[in-house]
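Fold and geometry: a report
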Amino acid sequence: MVGKLLLRGMLVGLVAGILAFAFARVYGEPQVDKAIAFEEQQAQAAGEAPEPEMVSRAIQAGIGLATGVLVYGAALGGLFSLVFAYAYGRLGSLGPRGTSALLALLGFLAVIVVPSLKYPANPPAVGNPETIAYRTELFFIMIVISIAAMVAAVGLAQGLWNRLGAWNASIVAGLAFLVVFALVKAALPDINEVPESFSATVLWQFRVASLGIQLVLWTVVGLGFGAVAERVVAQRDQRGPARRYA
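Residues numbered from 1 in each chain as written. Predicted model: local features only at pLDDT ≥ 70, side-chain atom pairs only at ≥ 80, totals over all residues. Heavy atoms only, no water.

Quick word on the pattern of salt bridges
Counted by the stated rule, this structure contains three salt bridges. Two residues, Arg-97 and Glu-230, come together in a salt bridge whose shortest N-O distance is 2.7 Å. Placement of Arg-97 in helix 3 (residues 96-118) and of Glu-230 in helix 6 (residues 200-245) is noted, with a sequence separation of 133 residues between them. Since its relative accessible area comes to 45%, Arg-97 is described here as partly exposed. Owing to a relative accessible area of 33%, Glu-230 belongs among the partly exposed residues under this scheme. (Salt bridge = Lys/Arg side-chain N within 4 Å of Asp/Glu carboxyl O. Helix = DSSP H or I, 4+ residues; strand = E, 2+ residues; numbered from the N terminus. Buried < 20%, exposed > 50% of the residue type's maximum accessible area, 1.4 Å probe, protein only.)

This is the structure we're talking about:
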């Protein structure tokens, strides 16, 4: 069944990637164009020669963006299906749709929202090229800690389930997760390399669009994969009695 879920998860991820690409073209790319225009104005004001364009902007915003989002969506769907295969049946009495939706919600919070609260996405012209490796390392450290904290919070909720009840156990686990996040957020260094003259509106709209792209991906994967997984699980359950009576 894992193989079937993996294939279907990747297909759902491709569908999510198509929708996310459409969202990025409509809401994300205009903000990128504004950021690039600002960068060019800054270079022109400083008397710097324009950098040679290795890949045209049309290709970047078209086939380049589509390829990146589709590959990311397929990979996300595949990984999500493997996590689902492990978690299904271990989250109380949730069915395939409920399990998939809950995993998507927790994953979106742990992988996207929480790290972005500490290190939000930045458009072109924002950030020192010399610190990109350092900033990337910090961002991935934040992701790893956030995922580990979320897994621990789920385990804590399950451990307290019988003693406190589902609702109270979830609240305690959620508060524990927030405490860990607050401590990690305070411990990791802050990075603020936004030029003072950069448009705050463009920066805000770019970050909202970046979060929106991820929201589309995780929502489609969570809901779409749940519907697909429900059919796979139902087919498995139907074959089970048939094999027992054969």
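A look at helix 5 (residues 166-187)
With 22 residues, helix 5 should cover 32 Å at 1.5 Å per step; its first-to-last C-alpha distance of 32 Å lies within 8% of that length. For helix 5, the set of buried residues is Ala-169, Ala-173, Phe-177, Phe-181 and Val-184. Down the axis of helix 5, the sector holding all buried residues measures 110°, keeping them to one side. In helix 5, the exposed positions angled more than 90 degrees off the buried face are occupied by Trp-167, Leu-175, Leu-183 and Ala-186. (Expected span 1.5 Å × (residues − 1). Arc of directions from axis to C-beta.)

Re the nonpolar core
Soluble globular proteins tend to bury their nonpolar side chains together. Phe-80 and Phe-225 are the most contacted members of the largest nonpolar core, which has 25 residues in total. Elements with a contribution of two residues or more to this core: helix 1 (2-45), helix 2 (57-87), helix 3 and helix 6. No other element matches helix 6, which puts nine residues into this core. With residues up to four places along the chain from it excluded, the contact list for Phe-80 reads Ser-100, Leu-103, Ala-104, Trp-218, Val-221, Gly-222 and Phe-225. Among the nonpolar cores identified, the runner-up in size contains 14 residues, and Val-114, Tyr-119, Met-142 and Phe-177 belong to it. (Core = buried A, V, L, I, M, F, W, Y, C linked by side-chain atoms within 4.5 Å. Contact = heavy atoms within 4.5 Å.)

Section: the packing of aromatic side chains
Inspection of the entire model under this criterion finds five aromatic pairs. Consider the rings of Phe-80 and Phe-225, whose centres lie 5.7 Å apart with planes at 85°: the pair is edge-to-face. With Phe-80 in helix 2 and Phe-225 in helix 6, the pair connects residues that are 145 residues apart, well separated along the chain. Ring centres of Phe-84 and Tyr-88 lie 5.5 Å apart, and the angle between their planes is 20°; on these two criteria the pair is classed as stacked. On the accessibility criterion, Tyr-88 (23% relative accessible area) is partly exposed. (Phe/Tyr/Trp six-rings, centres within 6.5 Å; stacked < 30°, edge-to-face > 60°.)

Digging into the side chain of Gln-214
Within the secondary structure, Gln-214 is located in helix 6. Once you skip the residues sitting within four places of it in the chain, Gln-214 turns out to touch Tyr-72, Phe-108 and Ile-112.

Quick look at the environment of Arg-90
Among the secondary structure elements, Arg-90 is positioned in the loop between helix 2 and helix 3. Along the sequence, Arg-90 and Gln-158 sit 68 residues apart, while their C-alpha atoms lie 9.1 Å from each other. Within the structure, Arg-90 has its side chain in polar contact with the backbone oxygen of Tyr-86 (distance 2.2 Å). (Polar contact = N/O pair within 3.5 Å; in protein donor to acceptor, adjacent residues only side chain to side chain.)

Let's talk about a nonpolar patch on the surface
The grouping of Val-2, Leu-6, Met-10, Leu-79 and Leu-82 at the surface amounts to a nonpolar patch, some 420 Å² of accessible area in total. Secondary-structure elements contributing two or more residues to the nonpolar patch are helix 1 and helix 2. Within the element layout of this structure, Val-2 appears in helix 1. (Patch = residues over 30% accessible without salt bridge, like charges linked within 9 Å, V, L, I, M, F, W, Y side chains within 5 Å. Areas by Shrake-Rupley, 256 points an atom, 1.4 Å probe, with all protein chains shown as cover.)

A few points about the confidence of the model for the protein
Residues at a pLDDT of 70 or more form 91% of the protein, whose mean pLDDT is 87. Averaged pLDDT values for the elements of the protein fall to 84 in helix 6 and rise to 94 in helix 3. Under a pLDDT of 50 for its full length, residues 242-246 has, in the predicted model, zero contacts with residues more than four places off or in other chains. (pLDDT = per-residue confidence, 0-100.)

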